[in-house]
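In case you want the letters, here they are:
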Amino acid sequence: MTLNRLVRNALTLLLLAVPCLLLLPRLKAPIALPPAAMEQVLVSRYTAANNRLGTPFLRPLDASRLSAYGDGALPDMRHGILYTGLVAVSMKALKETRGGQGQRAATLLGILLLLVSSLVTLWLARRWFPQRDGRRAALLFVWSGGAILATVLPGPGLLLALLGALLYATLVPLDVRMSSKRAPLSLAIIAGVLWGLLFLTIYSALLLLPLLFWHIVRVTRRDVRAVLAFGIAASIVAAPQLLRAYKFAHNPLFHSRGIELTMQTESYPGTTLYHATSLPATLTSYLSRGGHVEVAARTGHTLTELIPRSVATLGLALLLFLTSSLIRFTDDRLNTLRRLLLLALPLHLAALSLFFPAEECAEVLLLYAPAVAVLGAGFLETVVHARRLPRLHSRGVLLLWTFGCCLSGIAQLLALRAAPAPPRLYSFLGASGQYLEQIQTQGDGVLAADDALTMAYYANVPVTLLPTSATDFLELEQLLHKEIVGFGVTPSIRWDRPENAAIQPWAETYRRVIGLFSLSELLPTTESNALRDRISYPAELLPAIRKFQVTPIKEPQFGNDFSAFFWDLDYVKSQPR
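The following paragraphs examine the structure supplied in this document. (Residues numbered from 1 in each chain as written. Predicted model: local features only at pLDDT ≥ 70, side-chain atom pairs only at ≥ 80, totals over all residues. Heavy atoms only, no water.)

### Let's talk about the overall build of the chain
Line of reasoning, step 1. Across its full length, the chain holds 25 helices and eight strands.
Line of reasoning, step 2. By residue count, 54% of the 577 residues in the chain fall in the buried class.
Line of reasoning, step 3. Counted over contacts in the chain with a minimum sequence separation of 6, partners at least 24 positions apart contribute 72%.
Line of reasoning, step 4. In the form shown here, the chain has an accessible surface area of approximately 26,000 Å², with 62% of it arising from carbon and sulfur atoms. (Helix = DSSP H or I, 4+ residues; strand = E, 2+ residues; numbered from the N terminus. Buried < 20%, exposed > 50% of the residue type's maximum accessible area, 1.4 Å probe, protein only. Contact = heavy atoms within 4.5 Å. Areas by Shrake-Rupley, 256 points an atom, 1.4 Å probe, with all protein chains shown as cover.)

Okay, here's the thing in structure tokens:
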């Protein structure tokens, strides 16, 4: 390698490392985590601490379908094994396995994945377009808004991009239609392995499997050997997830966010489905009663939201990629791959929109981001050179388009802000060491009417969402198969604020909470008498529950009142029921 080439490669590596260097301060000043990213950190931290994939954040619907571990946590059937395992290894290396920790390890892994996936994109561009500048394609990928955001928000997006780029690199040489040779079996096996790793990363990779089989059958001229090699390799690599699902749920394709999410519409909004201990209706009966109209409306709304989110995730490279269908590349194998992507991308997003909101569907776009960047940059350079513009003019056009495609990533980088101080609720839990020790060693339970994820994240104990179908203490213990020793309300619903319309939906939850834990002795007599006509709880528990101090905790950044209630579990157990 000549000195000139070595210097150029070093400068290229430095150029691609710039966004990684700019994101390093986020290791000390992490951004606020949305619920999905917080749950990913929570599951990875539990995996690192206990050497098994599980979650201390318990949804009643999951608790009714899965058997809990000895410490009260549930097997996690919502997140991919591969990414969760990588984050867990990072947390172990940095010793971040306690409550509130783990985000720094996930961010560090994200920075490493961003650098590696950008280098793979550069290699892919030089492999597909050897006469063009591959650095432009790598820049379009690394400075896309989705890649920048996925670096600091824990999630499998960048791992999807890396595996997707390697899969596309394997599919192109599998195309032997213009040759008399047979497709190499080694490449078919590698493609199967890469799809299996994708499945271990994100469950919706199943949607790609029929398309990939169709593509391999077509480009290998119906070579049975290649098709079987791909299928066997994919099955072997995907087997751990399938066997794990069968072990815990007796269904190899089980997923905690299953087909019932189709019902998450106006009839069952938000997390209603997971607050219930059983599904309120079967999917068939729901659709037959007019639910298909709600599903279609929600899906259409999600797809509409996905249009601007797609541009924010992939930048103008998406426009270049879509426009590239107007021309044919010299290598016809790239034209075939482009047709596959143009078919897979909308079908994948349309299928996901039946279940998930737009922000979760947009993350899947990173699976296609390297190929979109490479083909988009190849199209741009091909068109500019075909116009035979003056050299300075052509460079100006290319520079302007490159800058425009990177704007989404620059805007995302400038918009990152450090997270506010964490809720002080976990500080109160941390001061209650005796209760935390009981919960952690005996598999006891803590209930939360809202914000259970935050409590589990910071307190590092199993926390269950308050089931909407439960009305008394004993019923909950029977449903959850554990003793309940604590409860948190966020935000607390003040009885003297009926004029506040924003908290009215919580009124019924508040009444249920009061009745559930027999706290009516702490209320004024008039309110206590009013509650007795509305709630149900076993009277024999009244003498068994010791009076305890209600501790309100003021959250200055949100203005919410937090309350946590604990009592002496040994005292409760010693009393007759």
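### Points about the packing of aromatic side chains
Line of reasoning, step 1. A full pass over the atoms with the stated rule returns six aromatic pairs.
Line of reasoning, step 2. Ring plane angle 45 degrees and centroid distance 6.1 Å describe the contact between phenylalanine 355 and phenylalanine 356, whose orientation is recorded as tilted.
Line of reasoning, step 3. We classify phenylalanine 355 as partly exposed; its relative accessible area is 23%.
Line of reasoning, step 4. With a relative accessible area of 16%, phenylalanine 356 lands in the buried category.
Line of reasoning, step 5. Grouping aromatic residues by their ring pairs yields a cluster made of Trp195, Phe199 and Tyr203.
Line of reasoning, step 6. Between the NZ or CZ atom of arginine 45 and the centre of the ring of tyrosine 457, over which it lies, the distance is 5.1 Å.
Line of reasoning, step 7. Geometry around tyrosine 69 places arginine 52 over its ring, the cationic atom sitting 4.2 Å from the centre. (Phe/Tyr/Trp six-rings, centres within 6.5 Å; stacked < 30°, edge-to-face > 60°. Lys NZ or Arg CZ within 6 Å of the ring centre and 35° of its normal.)

### Examining empty space enclosed by the protein
Line of reasoning, step 1. In the structure shown here, the tally under the stated rule is six cavities of 30 Å³ or more.
Line of reasoning, step 2. In this model, the second largest cavity occupies a volume close to 80 Å³.
Line of reasoning, step 3. Every residue along the wall of the second largest cavity is listed here: Leu167, Tyr168, Leu171, Leu208, Leu211, Leu212, Leu340, Leu341, Ala344, Leu367 and Tyr368.
Line of reasoning, step 4. Counting residues per element, the ones that place at least two in the lining of the second largest cavity are α8 (157-174), α10 (209-219) and α15 (332-352).
Line of reasoning, step 5. Per-class residue counts for the lining of the second largest cavity are 11 nonpolar, no polar and no charged. (1 Å grid on protein atoms, 1.4 Å probe; cavity = no way out; pocket = protein on both sides within 12 Å on 5 of 7 lines; lining within 4 Å. Points joined across faces, edges and corners; volume = space filled by probe spheres on them. Nonpolar A, V, L, I, M, F, W, Y, C, P; charged D, E, K, R; others polar.)

### Side note on the pattern of salt bridges
Line of reasoning, step 1. For the coordinates displayed, the defined rule picks out 11 salt bridges.
Line of reasoning, step 2. Residue glutamate 39 pairs with arginine 59 through a salt bridge whose shortest N-O separation is 2.9 Å. Separated by 20 residues along the polypeptide, glutamate 39 in helix α2 (residues 35-50) and arginine 59 in the loop between β2 (57-58) and α3 (60-65) bring together distant segments of the chain.
Line of reasoning, step 3. Of the charged contacts, one joins glutamate 39 and arginine 78 as a salt bridge, the two residues approaching to 3.4 Å between their closest N and O atoms. (Salt bridge = Lys/Arg side-chain N within 4 Å of Asp/Glu carboxyl O.)

### Section: the packing of α8 against α15
Line of reasoning, step 1. Viewed as axis vectors pointing N to C, α8 and α15 meet at an angle of 130 degrees, and their least axial separation amounts to 9 Å. Here α15 runs oblique to α8, going by the angle between their axes. Helix-helix and strand crossings are classified by hand; for α8 and α15 the assignment is right-handed. Contacts between α8 and α15 involve Tyr168, Leu171, Val172 and Pro173 from the former and Arg333, Leu334, Leu337, Leu340 and Leu341 from the latter.
Line of reasoning, step 2. Across the contact of α8 with α15, the residue classes tally to eight nonpolar, no polar and one charged. (Axes fitted to C-alpha atoms, helices over the stretch in contact; angles between N-to-C directions. Parallel < 35°, antiparallel > 145°, perpendicular 65-115°, else oblique. Left-handed = near helix turned anticlockwise from the far one by under 90°.)

### Topic: a nonpolar patch on the surface
Line of reasoning, step 1. On the surface, Leu3, Leu6, Val7, Leu11, Leu14, Leu21 and Leu24 cluster together into a nonpolar patch covering about 670 Å² of accessible area.
Line of reasoning, step 2. Within the element layout of this structure, leucine 6 appears in helix α1 (residues 3-23).
Line of reasoning, step 3. The class for leucine 6 is partly exposed, based on a relative accessible area of 46%. (Patch = residues over 30% accessible without salt bridge, like charges linked within 9 Å, V, L, I, M, F, W, Y side chains within 5 Å.)

### Looking at the side chain of threonine 299
Line of reasoning, step 1. If you trace the backbone, threonine 299 turns up in helix α13 (residues 283-314).
Line of reasoning, step 2. Apart from residues lying up to four places away in sequence, threonine 299 is in contact with Ala350, Ser353 and Leu354.

### Overview of the environment of histidine 385
Line of reasoning, step 1. Tracing the sequence through the fold places histidine 385 in helix α17 (residues 369-386).
Line of reasoning, step 2. On the accessibility criterion, histidine 385 (44% relative accessible area) is partly exposed.
Line of reasoning, step 3. Distance from histidine 385 to leucine 398, taken between C-alpha atoms, is 10.0 Å for residues 13 residues apart in sequence.

### Thoughts on α17
Line of reasoning, step 1. If you check α17, its first and last C-alpha atoms are 25 Å apart, about what 18 residues at 1.5 Å a residue would give, namely 26 Å.
Line of reasoning, step 2. A large share of α17 lies buried, amounting to 14 of its 18 residues.
Line of reasoning, step 3. Phi for arginine 388, located one or two positions after α17, is positive at around 55 degrees. (Expected span 1.5 Å × (residues − 1).)

### Brief notes about the side chain of aspartate 175
Line of reasoning, step 1. Residue position: aspartate 175 is located in the loop between α8 and α9 (185-201).
Line of reasoning, step 2. In this structure, aspartate 175 is in contact with Val219, Arg333 and Thr336, ignoring residues within four places of it in sequence.

### Section: unusual backbone geometry
Line of reasoning, step 1. Despite not being glycine, lysine 95 shows a phi value in the positive range, around 60 degrees.
Line of reasoning, step 2. Among the secondary structure elements, lysine 95 is positioned in the loop between α4 (81-94) and α5 (103-128).

### A short note on helix α7 (residues 145-152)
Line of reasoning, step 1. The buried fraction of α7 amounts to seven of the eight residues, a majority that puts the element mostly inside the structure.
Line of reasoning, step 2. Within the span of α7, buried status applies to Gly145, Gly146, Ala147, Ile148, Ala150, Thr151 and Val152.

### Side note on the environment of threonine 265
Line of reasoning, step 1. Here threonine 265 shows up in the loop between α11 (224-249) and α12 (272-275).
Line of reasoning, step 2. Between the C-alpha atoms of threonine 265 and arginine 298, which are 33 residues apart in sequence, the distance is 6.8 Å.
Line of reasoning, step 3. Excluding its chain neighbours within four sequence positions, the residues that come into contact with threonine 265 are Tyr286, Glu294, Val295 and Arg298.

### Some words on the state of the cysteines
Line of reasoning, step 1. This model, assessed by the stated rule, comprises zero disulfides.
Line of reasoning, step 2. Looking at cysteine 406, it has no disulfide partner, and the nearest cysteine sulfur is the one in cysteine 405, 6.7 Å off. (Disulfide = S-S within 2.5 Å.)

### Quick notes on the nonpolar core
Line of reasoning, step 1. Formed by 125 residues in total, the largest nonpolar core has its most connected members in Trp128, Tyr168, Leu171, Leu174, Trp195 and Tyr368.
Line of reasoning, step 2. If one sorts the elements of this core by residue count, α8 sits on top with 13 residues.
Line of reasoning, step 3. Tryptophan 195 has contacts with Ala205, Leu206, Leu208, Leu209, Leu212, Phe230, Ala234 and Ala238, leaving out every residue within four places of it along the chain.
Line of reasoning, step 4. In this structure, Tyr69, Met77, Phe248 and Ala249 belong to the second largest nonpolar core, which totals 12 residues. (Core = buried A, V, L, I, M, F, W, Y, C linked by side-chain atoms within 4.5 Å.)

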